[in-house]
Amino acid sequence: MSKTLLNMPVHVYESALSRRNSWIGVLFRWFREKANLGLGYTSLFSWWTVGYWVLWANLPFDSVQAQIPAMRDFIVMTFVLNAVAILVLHILELLCNKPLAERGWPCISGSNARVLWGGAWWEQDKSVMMCMGLPATVFGALLLMSSYMGWHGSSTALEHLWPGVGMVALGVLCFVLDRWEPGFGLGVPTDSEIRQRGRSRMAAPSAIPPRSQTASTAAQEDYATPVEVRRPKLDFDGIFGMQVVKQKLLDASTACISERDQGSDAPRNGILLHGEPGNGKTVFAEALAGELEIPFIQMTYGDVSSKWVGEMPRVIAKAFEYAKAKAPCVFFIDEIDSFITSRDAGSNNAEDLKITNTILTEIVALREHRVVLIGATNYLSKLDAAAIREGRFDFKVEITPPDEPARIGLLSHGIKKHAGHLDVDQDALRSVAKRWRGFAVSRLLAVAKAVPAYTKERSLTKLGFDEWMGALREVQGRSGRLPVNTKSLGDLILETETRESIELVAGRLKDAHRIEMLGGSIPSGVLFHGPSGTGKTAAARALAKEAGWAFLSVAGPDLLSDRTKLDKLYAEAKDIRPTLIFIDEADDLLRNRQYSNTPDLCNKLLVLMDGTDERVQDVVFIAATNHPDQIDPALLRAGRFTEKVEFTLPPQTEIPRFISSWLKGKRVLLEPSVDAFDVSEMLRDQTIATIEGVLQYAVNRAISNHDHSTQLTLTLDDIKTARRVVNPEEF
């Protein structure tokens, strides 16, 4: 609804500085009165200039004639300064007449200072003699006459010509400014609006009605139409791919606007677009109007919202009437869940119930007209059940994330628009478009916009797979929850076969595009199995660090305690992919469903790994278990946890290197009689976790016996004691 003086709420009207009773409001009104009076007298006294030029300047005295040029310039300057003073007062009045309660409203009135320019000549006001426009014009005409007739020393140089032209122009400008008041972007209402507003205020029983004005009072106003029709900016040719959705919309809309046979039932109508945000529901609605070659009308909650009680339902009805008058057309209600929230939610807000009832009634009435009604929502489950039933919205169309042709088109178009100078690897573009299934349109366009900055920072001229993935990570702004102190694969103490298996997986994750181009594949799941403490968790983190993938970790017992956590984790992984999901202590989750107490979680994991219709790429599950023999066979087949990596005790030859590296990181020395090989032999056949635990306990014990020297030294007794405490069963 357009904001005008006529529909301005009283509290907005009274918020203008000129209407306030505060000291600053009183001061402004006093200053305005005195300034207008003073400038009015100045404009009236300016008639003396005419008398001077006609009488005094014609006196035949040399002293008088010698002063004529200086007096002329003085008179011209006084007129100019007077005009500037009136302009300043005019702007000040407009600023004080601007409402402060809300943005977007016009001034509550024009300025009184405008009368000082032309005296409201166009209304035949008697104050025309007190304006400066008429004396300035007359004085300018006298100057031009003097120049033409050769009076007052103008016979040779025509020295009065240009001052005369300037004064006439100034006088004419004053009359123009008086007739068409300048607003300087502040929004000045027309004189008819000011008079009409004044009459309505005089007729009102109270100058300031209560804030809780009822519908019966608001109904007396003639509401402006809150929406407007426009020509669609695109059709279905402007949307890449999505042929299935396009056809559904076209079939449904064709039925809505088909010709009616007399006496036949009204055709089906109402198309409800739903789906995740960012996939272009508004764009599809407008493109449908373009495809049908009919006008497009859009209504949002902000278009019809009002602070007045009972006003909003009437404004909504006005919008529907407008759509009927423009038939055939597309009437699109964006974020329709704002209008028709479920009445089962127990809301006691009577205004919300009126809005919902009004919308439902108008939707039914609209079926008699050739108007394609389209609603859009991101929250289908929150809508009132009566609103989405057949008979109101007969067609429900899910706007899914873009399909592969759409993703290719969006990325190609985005690069041409934002980074046309780059050499684009088309194979890489198709590869990322294929693996980015499920990303919203807004995400894809954001990646295309991020590419120029990403490549510029790295001085790149070619756009390949790695650059696409880097720009994606920039847009995502996060990479999971990988600990800062995560070790690299090279720092882990692993058996050769275990290391080779992990490096094989890491290599494929790191270079997924090339691997797939050669016919290879990346796993959907990897099973880490082996005794506790053999480094499965550290290996999973190192794998994510090596591949450059996001890392999300969860413990199996946490998934059992919160059945919704697996879905939330998977949704987060899809959003920040490529992602490794590490499930630690997964024995209960992966247990054979014949013997498990939670077979539903195992079923859910199988569904997530397979995908409902197509597996989501770049999300890899890693599960750690100590009992691989108890895992459900369905999880171990190809396509799920296809690859298995066994973790065993670390090779004895690598233990001294690990001990030396660990002690160096702690800045701790061994006593001269002991070296890393001796400690390694003392901890033979122990896991890395046990070795770290023994060394840490030994350090803690040594600190308690420390003599406050600068260097901490471990003794043989420290290590033996730590070995007995940490692993008493073995020692």
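**Student:** Kindly report on the sheet that holds strand β10 (residues 550-555), identifying the contributing residues and their values.
**Tutor:** One open sheet accounts for five strands, arranged β10-β11-β12-β9-β13; its pairing is parallel. Edge positions in the sheet fall to β10 and β13 (643-646), since each has one partner strand and no second. Geometrically, the sheet is characterised by an average inter-axis angle of 20° between neighbouring strands, direction not taken into account. For strand β9 (residues 525-529) and β13, the ladder comprises four bridges, and the chain directions are parallel. Across the sheet, the residue bridging to Phe528 is Val645, located in β13. Helix α19 (residues 496-510) contacts β9, β11 (579-584), β12 (619-625) and β13 of the sheet and is inclined by roughly 140° relative to β13. Contacts between helix α23 (residues 565-575) and the sheet are confined to β10, β11 and β12, with β10 contributing the most and set at about 175° to the helix.

**Student:** Break down the side chain of Arg577 for me, citing the residues and quoting the values.
**Tutor:** Residue placement: Arg577 occurs in the loop between α23 and β11. Arg577 has contacts with Arg435, Trp436, Arg437, Gly438, Phe439, Leu472, Arg473, Gln476, Val616, Gln617, Asp618 and Val619, leaving out every residue within four places of it along the chain.

**Student:** Explain the pattern of salt bridges residue by residue, including any values.
**Tutor:** The tally for this structure, following the rule as stated, stands at 25 salt bridges. The partner of Lys604 in a salt bridge is Asp567, with the nearest N and O atoms 3.1 Å apart. Linking Lys604 in helix α25 (residues 599-610) with Asp567 in helix α23, this pair joins segments that are 37 residues apart in sequence. Assessed through its relative accessible area of 24%, Lys604 is described here as partly exposed. Here Arg684 ties to Glu681 by a salt bridge, and the two come within 2.9 Å at their closest N and O atoms. By relative accessible area, which is 38% here, Arg684 ends up partly exposed.

**Student:** Describe in detail the packing of aromatic side chains, supporting the description with residues and values.
**Tutor:** Applying the stated criterion to the full structure yields ten aromatic pairs. Each ring, one from Phe79 and one from Phe139, has its centre 6.2 Å from the other, and the planes form 25°; the classification is stacked. Highlighted residues: Phe79 in helix α4 (residues 62-96) and Phe139 in helix α6 (residues 133-149), separated in sequence by 60 residues. With respect to burial, Phe79 and Phe139 carry one shared label: buried. Ring-pair connections join several aromatic residues into one group, and the members of that group are Trp436, Phe439 and Trp468. Above the plane of the ring of Phe439 lies Arg443, whose end atom (NZ or CZ) is 5.1 Å from the centre.

**Student:** Can you tell me about the pairing of β11, naming the residues and giving the values?
**Tutor:** Counting buried positions along β11 gives five out of six residues, so the element sits mostly inside the fold. Relative to β11, β10 runs parallel, the two sharing six bridges. By the bridge assignment, Ser553 is partnered in β11 with Phe582. Across five bridges, the pairing between β11 and β12 is parallel. Across the sheet, the residue bridging to Leu580 is Val620, located in β12.

**Student:** Outline helix α2 (residues 23-45), listing residues and values.
**Tutor:** Over its 23 residues, α2 runs 33 Å from end to end, which matches the ideal 33 Å to within 8%, given 1.5 Å per residue. When we look at burial in α2, the residues that qualify are Gly25, Phe28, Arg32, Ala35, Asn36, Leu39, Gly40 and Ser43. On the buried face of α2, the contacting elements are α4, α5 (115-118) and α6.

**Student:** Any chance you could break down the packing of helix α10 (residues 243-256) against helix α11 (residues 281-292) for me, citing the residues and the numbers?
**Tutor:** Contact geometry for α10 and α11: axes closest at 11 Å, N-to-C directions at 60°. It follows from the interaxial angle that α10 and α11 lie oblique. Of the two elements, α10 crosses α11, and the hand of that crossing is right-handed. Contacts between α10 and α11 involve Val245, Lys246, Leu249, Leu250 and Ser253 from the first element and Phe284, Leu288, Glu291 and Leu292 from the second. The residue makeup of the contact of α10 with α11, split by class, is six nonpolar, one polar and two charged.

**Student:** Summarise the confidence of the model for the chain; cite the residues concerned and give the values.
**Tutor:** Overall, the prediction assigns the chain a mean pLDDT of 83, with 89% of residues at 70 or greater. Note on residues 200-221: pLDDT under 50 across the span, and 24 contacts to partners over four residues away in sequence or across chains.

**Student:** Residues and numbers for helix α14 (residues 350-366), please.
**Tutor:** Here α14 is 17 residues long and its end C-alpha atoms lie 24 Å apart, about the 24 Å a rise of 1.5 Å per residue gives. Buried within α14 we find Glu351, Ile355, Thr356, Thr358, Ile359, Leu360, Glu362, Ile363 and Leu366. For α14, the elements touching its buried residues are β3 (296-299), α13 (311-325), β4 (329-333) and β5 (371-377).

**Student:** Give me a negative patch on the surface: which residues, what numbers.
**Tutor:** Taken together, the side chains of Glu495, Glu497, Glu500, Glu503, Glu546 and Glu646 make up a negatively charged region of the molecular surface. When residues of the negative patch are assigned to their parent elements, the largest contribution, three residues, is made by α19. With respect to the secondary-structure elements, Glu503 resides in helix α19. For Glu503, a relative accessible area of 42% puts it in the partly exposed group.

**Student:** Quick one: what's the story with the environment of Asp334, residue by residue and with numbers?
**Tutor:** Tracing the backbone shows Asp334 in the loop between β4 and α14. Beyond its immediate stretch of four places on either side in the chain, Asp334 contacts Thr282, Gln298, Met299, Thr300, Phe339 and Ala376.

Rules behind the numbers
Residues numbered from 1 in each chain as written. Predicted model: local features only at pLDDT ≥ 70, side-chain atom pairs only at ≥ 80, totals over all residues. Heavy atoms only, no water. Pairing = 2+ DSSP bridges. Helix = DSSP H or I, 4+ residues; strand = E, 2+ residues; numbered from the N terminus. Axes fitted to C-alpha atoms, helices over the stretch in contact; angles between N-to-C directions. Contact = heavy atoms within 4.5 Å. Salt bridge = Lys/Arg side-chain N within 4 Å of Asp/Glu carboxyl O. Buried < 20%, exposed > 50% of the residue type's maximum accessible area, 1.4 Å probe, protein only. Phe/Tyr/Trp six-rings, centres within 6.5 Å; stacked < 30°, edge-to-face > 60°. Lys NZ or Arg CZ within 6 Å of the ring centre and 35° of its normal. Expected span 1.5 Å × (residues − 1). Parallel < 35°, antiparallel > 145°, perpendicular 65-115°, else oblique. Left-handed = near helix turned anticlockwise from the far one by under 90°. Nonpolar A, V, L, I, M, F, W, Y, C, P; charged D, E, K, R; others polar. pLDDT = per-residue confidence, 0-100. Patch = residues over 30% accessible without salt bridge, like charges linked within 9 Å, V, L, I, M, F, W, Y side chains within 5 Å. Areas by Shrake-Rupley, 256 points an atom, 1.4 Å probe, with all protein chains shown as cover. Lys, Arg positive; Asp, Glu negative; His and termini not counted. Charge placed at Lys NZ, Arg CZ, Asp CG, Glu CD.

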